[in-house]
Amino acid sequence: MPLRPPALRSALYRMRRPSLDAWTVWRRRALFLAGGVCVGLAAVLMAWAADAAQAAFRSALGLSPWLALLLCPAGFALAAWLARTVFPNSQGSGIPQVIAARAIDEPAARHALVSLRVAGGKVVVMVLGLLCGASIGREGPTVQVGAAIMAAFGRLSPEHVRGLLLAGGAAGVSAAFNTPLAGIVFAIEELGRAYDSRGTGLVVATIVAAGLTSLAILGDYTYFGTTDAKLSLAAGWLAVPLVGVAGGLLGGLFSRAVIAVARGLPGRAGSWIARYPIAFATLCGLGLALCGLASGGAVYGTGYEEARAILHGESVARLDFAPLKFLATLLSSISGIPGGLFAPSLAVGAGLGAEASLLLPQVPIGALVLIGMVAYLTGVLQAPITAFVIVTEMTQDHAMMIPLMLAALIADAVSKLVCSSGLYHALAELLVLKAAEPGR
């Protein structure tokens, strides 16, 4: 076979290069799509497991509500021990782990945050937490599980691991709430804090794959059911700044408390918590049980059913529901057990909106509840776009879009006055610093 001159070889390579590039592009797309399907399946399984765990806890309390004084402390102690010793890096919501993993360059340290082992442990211990009444959600953990699944696919394409983590986390939000637009916004605003036009299409494709998988199994649904609440142009708009400030203030206080405990409290209290974390978790479980008894059992679990009932006027919220749910969620969050903040925060916001109706009785309760949800969720996350998009998608109430936007902006500004650092990113910084410690 005659030798080809360099010019001819170069021309033939240029002719073949488009097909090689096309193969690379389609292989990457296939990874994202296959991962999205797996994330959707995981989200459905986590939803079923969470619902079953809450039902089992309610059945136990049906025998006697005082059983909570035993189940909550014992369950918190076991869950905290498992999260610290058997499944490290599974504590908390899981979103800080994904943010930290995207920031870490060292593969082993990144793998420790988003491995399939951590994801499996996250699900097991989260279900245990709900089985003992913890005021936690499944949506944050779904983000970490989604990122871990996509990271596993990323072994076939290591150069795209950060994009895979972003897509997995966004798909987790989308599949957990059936809110695809919120998944995209959450990826940009919270997980990425940047817009990358090159990877956006693949993130959307992953979200679509996860969403279609969830829809195929669960059917099309709105998380809180559809509402048609509206605000009048007169007195109704007074609720926006009022509830916006209250939600931002409470959400900022919540975030500041969680960050302070995570960084380590000063003095004897901080040293005791660091030395006896399981005992501290047990005390948090006892505090949760007391909150549950005081609320008649309303503050246990995710708070989804309570928030939905308040939103649709199916039940009247107790005056102490919002503060007790706030305290129950705070105790669950600082205890060190795995669990998310989205659903409990929406429940606190719903209670806050219901309480605002005492001051503004002429405003529809549904509108106040929606504003309260957005305001408090924004105060906790300091992600205003995600907050109002996710609530709008969960209720399909587009008539409230402008008031919800304004409430989110007000709550975000107030929250930043109370807590200068965003909750998830402040916790992610601690994980990055821990991963950088010598000997790890």
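Right above here is the structure, for reference.
Residues numbered from 1 in each chain as written. Predicted model: local features only at pLDDT ≥ 70, side-chain atom pairs only at ≥ 80, totals over all residues. Heavy atoms only, no water.

Caption draft 1: Focus on the side chain of glutamine 97. Among the structural elements, glutamine 97 can be located in helix 3 (residues 95-103). A relative accessible area of 4% means that glutamine 97 is categorised as buried. In this structure glutamine 97 touches Asn89, Ser90, Gln91, Leu113, Val114, Lys122, Gln144 and Leu431, once residues within four positions along its chain are discounted. (Helix = DSSP H or I, 4+ residues; strand = E, 2+ residues; numbered from the N terminus. Buried < 20%, exposed > 50% of the residue type's maximum accessible area, 1.4 Å probe, protein only. Contact = heavy atoms within 4.5 Å.)

Caption draft 2: Spotlight on the packing of aromatic side chains. Evaluation of the coordinates by the stated rule reveals four aromatic pairs. Seen in terms of ring centroids, tryptophan 272 and tyrosine 276 are 5.8 Å apart; in terms of plane orientation they differ by 50°. Their pairing is tilted. Residue tryptophan 272 is classed as partly exposed on the basis of its relative accessible area, which comes to 34%. Aromatic pair phenylalanine 326 and tyrosine 376: ring centres 6.4 Å apart, planes at 70°, arrangement edge-to-face. In this pair, phenylalanine 326 sits in helix 14 (residues 321-334) while tyrosine 376 sits in helix 16 (residues 365-381), placing the two residues 50 residues apart along the sequence. The rings of Phe254, Phe326 and Tyr376 are connected pair by pair, giving a single aromatic cluster. (Phe/Tyr/Trp six-rings, centres within 6.5 Å; stacked < 30°, edge-to-face > 60°.)

Caption draft 3: Representation of the packing of helix 15 (residues 342-356) against helix 16 within the structure. Two elements in contact, helix 15 and helix 16, have axes separated by 7 Å at closest approach and are oriented at 135°. Between helix 15 and helix 16, the crossing angle belongs to the class labelled oblique. Where helix 15 crosses over helix 16, the handedness of that crossing is right-handed. Contacts between helix 15 and helix 16 pair Phe342, Ser345, Leu346, Val348, Gly349, Ala350, Gly353, Ala354 and Ala356 from the former with Ile365, Leu368, Val369, Gly372, Met373, Tyr376, Leu377, Val380 and Leu381 from the latter. (Axes fitted to C-alpha atoms, helices over the stretch in contact; angles between N-to-C directions. Parallel < 35°, antiparallel > 145°, perpendicular 65-115°, else oblique. Left-handed = near helix turned anticlockwise from the far one by under 90°.)

Caption draft 4: Quick look at unusual backbone geometry. Of note in the backbone geometry, asparagine 89 takes a positive phi value of approximately 75° without being a glycine. In this fold, asparagine 89 is placed in the loop between helix 2 (68-86) and helix 3. Classification of asparagine 89 by relative accessible area gives buried; the value is 16%. Notably, glutamine 382 is not glycine yet its phi reads approximately 55°, a positive angle.

Caption draft 5: Spotlight on helix 19 (residues 423-435). Compared with the 18 Å implied by 1.5 Å per residue over 13 residues, the 19 Å span of helix 19 between its first and last C-alpha is a close match. Every buried residue of helix 19 is accounted for by Leu423, Tyr424, His425, Ala426, Leu427, Ala428 and Leu431. (Expected span 1.5 Å × (residues − 1).)

Caption draft 6: Structural context of a nonpolar patch on the surface. A contiguous nonpolar patch, built from Trp66, Leu69, Trp272, Tyr276, Leu283, Leu286 and Leu290 and spanning about 700 Å² of accessible area, is present on the exposed surface. Considering each element in turn, the nonpolar patch owes the most residues, three residues, to helix 12 (residues 277-294). Here tryptophan 66 is to be found in the loop between helix 1 (6-63) and helix 2. (Patch = residues over 30% accessible without salt bridge, like charges linked within 9 Å, V, L, I, M, F, W, Y side chains within 5 Å. Areas by Shrake-Rupley, 256 points an atom, 1.4 Å probe, with all protein chains shown as cover. Salt bridge = Lys/Arg side-chain N within 4 Å of Asp/Glu carboxyl O.)

Caption draft 7: Summary view of the pattern of salt bridges. Overall, the coordinates contain four salt bridges when judged by the stated rule. Across the salt bridge formed by arginine 58 and glutamate 305, the nearest N and O atoms sit 3.8 Å from each other. Residue arginine 58 is found in helix 1, and its partner glutamate 305 is found in helix 13 (residues 304-311); the two are separated by 247 residues along the sequence. Residue classification places glutamate 305 among the partly exposed positions, given a relative accessible area of 49%. Notably, a salt bridge pairs aspartate 105 with arginine 162, separated by 2.4 Å at the nearest N-O pair. Taken together, the residues aspartate 105 in the loop between helix 3 and helix 4 (107-113) and arginine 162 in helix 7 (residues 161-177) connect sequence positions 57 residues apart.

Caption draft 8: Region of interest: helix 12. For helix 12, spanning 18 residues, the distance from its first C-alpha to its last is 26 Å, which sits close to the expected 26 Å at 1.5 Å a residue. Listed in full, the buried residues belonging to helix 12 are Pro277, Phe280, Ala281, Cys284, Gly285, Gly287, Leu288, Ala289, Cys291 and Gly292. Along its buried surface, helix 12 packs onto helix 2, helix 11 (267-275) and helix 14. Following helix 12 by one or two positions, glycine 296 adopts a phi angle in the positive range, close to 70°.

Caption draft 9: Up close: the packing of helix 10 (residues 239-263) against helix 16. For the pair helix 10 and helix 16, the least separation of the axes is 7 Å and the interaxial angle reads 35°. The crossing of helix 10 and helix 16 is right-handed. In contact with Ala239, Val240, Val243, Gly244, Gly247, Gly248, Leu250, Gly251, Gly252, Phe254 and Ser255 of helix 10, helix 16 contributes Leu368, Ile371, Gly372, Ala375, Tyr376, Gly379 and Val380. Across the contact of helix 10 with helix 16, the residue classes break down as ten nonpolar, eight polar and no charged. (Nonpolar A, V, L, I, M, F, W, Y, C, P; charged D, E, K, R; others polar.)

Caption draft 10: Expanded view of the side chain of arginine 110. Tracing the backbone through its elements, the reader meets arginine 110 in helix 4. This buried residue, arginine 110, is left without a salt bridge; aspartate 105 holds the nearest opposite charge, at 4.9 Å. Discounting residues that sit within four places of it in the chain, arginine 110 has contacts with Ala101, Ile104, Asp105, Val161, Arg162 and Leu165. (Lys, Arg positive; Asp, Glu negative; His and termini not counted.)

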